[in-house]
Amino acid sequence: FLILVPAEDIWRGVTAVSNAGKKRGRGKGSGKKMPKDLNKGQSIGFGKNSRIWPGLNSPIIRGNELVHQQKMQENSDRETGILKWRDSMSNFRMMKLNPIDRGWSGSKMPGRSIGSPESFGDDEHNKFDTRVLENKIVFIMKGNMGRKRRYSVLSVTGNGNGLAGFATVKAPEVRTALRKSKNRAGQKLISIDLCDNRTIYHDFFTAFGKTKIYCFQKPDGYGLICHRAIQTICKVVGIKDLYAKIEGSTNLQHIVKAFFIGLMRQRSYQNIANETNTYIVQEQNASGGYTEVKAIPHLISTQDCTNSDVDYMHYTLGNKIVLKEKGVSPFYFNTKGHTYYKVKEERFRNQANVRFHNLINSYL
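The following paragraphs examine the structure supplied in this document. Being a predicted model, the structure only gives us computed values, none of them experimental.

Another aspect to go through is the sheet that holds strand β9 (residues 204–208). Within a sheet, each strand pairs with its neighbour through backbone hydrogen bonds, oriented either parallel or antiparallel. With respect to topology, four strands assemble into an open sheet ordered β9-β10-β12-β11, the strand pairing being mixed. Where the open sheet ends on each side, the last strands, each with one partner, are β9 and β11 (224–225). Alignment of strand β10 (residues 211–217) against strand β12 (residues 242–248), held across seven bridges, turns out to be antiparallel. Opposite Gln 217, over in β12, you have Leu 242 as the bridge partner. Contacts from helix α6 (residues 252–264) reach β9, β10 and β12, with the element oriented near 140° to β9.

This is how it looks when you write it as structure tokens:
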């Protein structure tokens, strides 16, 4: 039989989805169906009944002799090789990524880097890095097209030195949404002040919608102990030491907006000293408990006043208290056997630390 339709159109009828099916959200796994090129590995005259055809797969005259049509020897390995080749074409292979380039979970987009934003006018973003925070499919109902599918991408970009921005973009294609989100985040940059170029100035409370975030300043080397979205934002902003506790909703867009609001509402030590008319003093545990004066108020009151200490944490948190759940004690706690065990172990309490310090002092 004769078919005038090319092979590309025939494969498209097998692997693709109709326009009506796309409107109804069908064909989500159609990308895994790969068309096969049945012409690969084939050559004229070679097949199940291989023959020599003068003028097609062999010369008409070889030397002084005329070449005649004849059957060739059977080659079963060639047929099995072609079948294996066709089977390998249809298999869908996941894209392999470097472990450094992976996102939060495997090869999915959230958490992955998509490069720096494109230059816009005179602005260049050479040292910027953009991370995807959310990549999801959203639908909108149209009167003439029915259910229309689009991709929503939330990304954050920053230079690692206190300059960052975020944006949410929707587009009919994934690549278009990623590119637009990256460029729009580069156009909405926010300057954020950092303390010692590694952490926030003070503990603060921030909220957006039903999401509440408590952020705490931490010493050098503490790391980022917080939600993975906040970790990604801190990396592009340049924050290295932070502890954050989220209460309420964990909606990603609310988390990002609430955290940026908290970063922009930070106040320097000098501003807090001027507001409270007190000295800002910080105790340095790493240097033997010595205190360090961070700020002195500009206008010191000359009136007699009683010495009063302002709770710095409660002042910066807005008199908010973090909810701490009580730990559940084990079933054997405060039993007769457990009490006897604690009395017996009292003699050896802290013995391992004492041995360790004695060992260190012996080498000094």
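And the narrative resumes.
The subject of this paragraph is the sheet that holds strand β6 (residues 146–158). Ordered by their spatial adjacency, four strands build an open sheet running β5-β6-β7-β8, and the pairing between neighbours is antiparallel. Among the strands making up the open sheet, the edge pair consists of β5 (129–142) and β8 (190–191). Sheet analysis places β5 next to β6, joined by 13 bridges and oriented antiparallel. Each residue of the ladder has a partner; that of Ile 140, found in β6, is Lys 148. Across the sheet, helix α4 (residues 174–187) is in contact with β5, β6 and β7 (163–171); its angle to β7 comes to roughly 150°.

A word on the nonpolar core. In terms of nonpolar packing, the biggest core is built from 30 residues, with Ile 213, Ile 230, Ile 239, Leu 242 and Phe 259 touching the most fellow members. The set of elements that each furnish at least two residues to this core consists of β6, β10, α5 (228–237), β12 and α6. With sequence-adjacent residues up to four places away left out, Ile 213 is seen in contact with Phe 204, Phe 205, Thr 206, Ile 230, Ala 244, Lys 245, Ile 246, Ile 255, Ala 258 and Phe 259.

Criteria and cut-off values
Residues numbered from 1 in each chain as written. Predicted model: local features only at pLDDT ≥ 70, side-chain atom pairs only at ≥ 80, totals over all residues. Heavy atoms only, no water. Pairing = 2+ DSSP bridges. Helix = DSSP H or I, 4+ residues; strand = E, 2+ residues; numbered from the N terminus. Contact = heavy atoms within 4.5 Å. Axes fitted to C-alpha atoms, helices over the stretch in contact; angles between N-to-C directions. Core = buried A, V, L, I, M, F, W, Y, C linked by side-chain atoms within 4.5 Å. Buried < 20%, exposed > 50% of the residue type's maximum accessible area, 1.4 Å probe, protein only.

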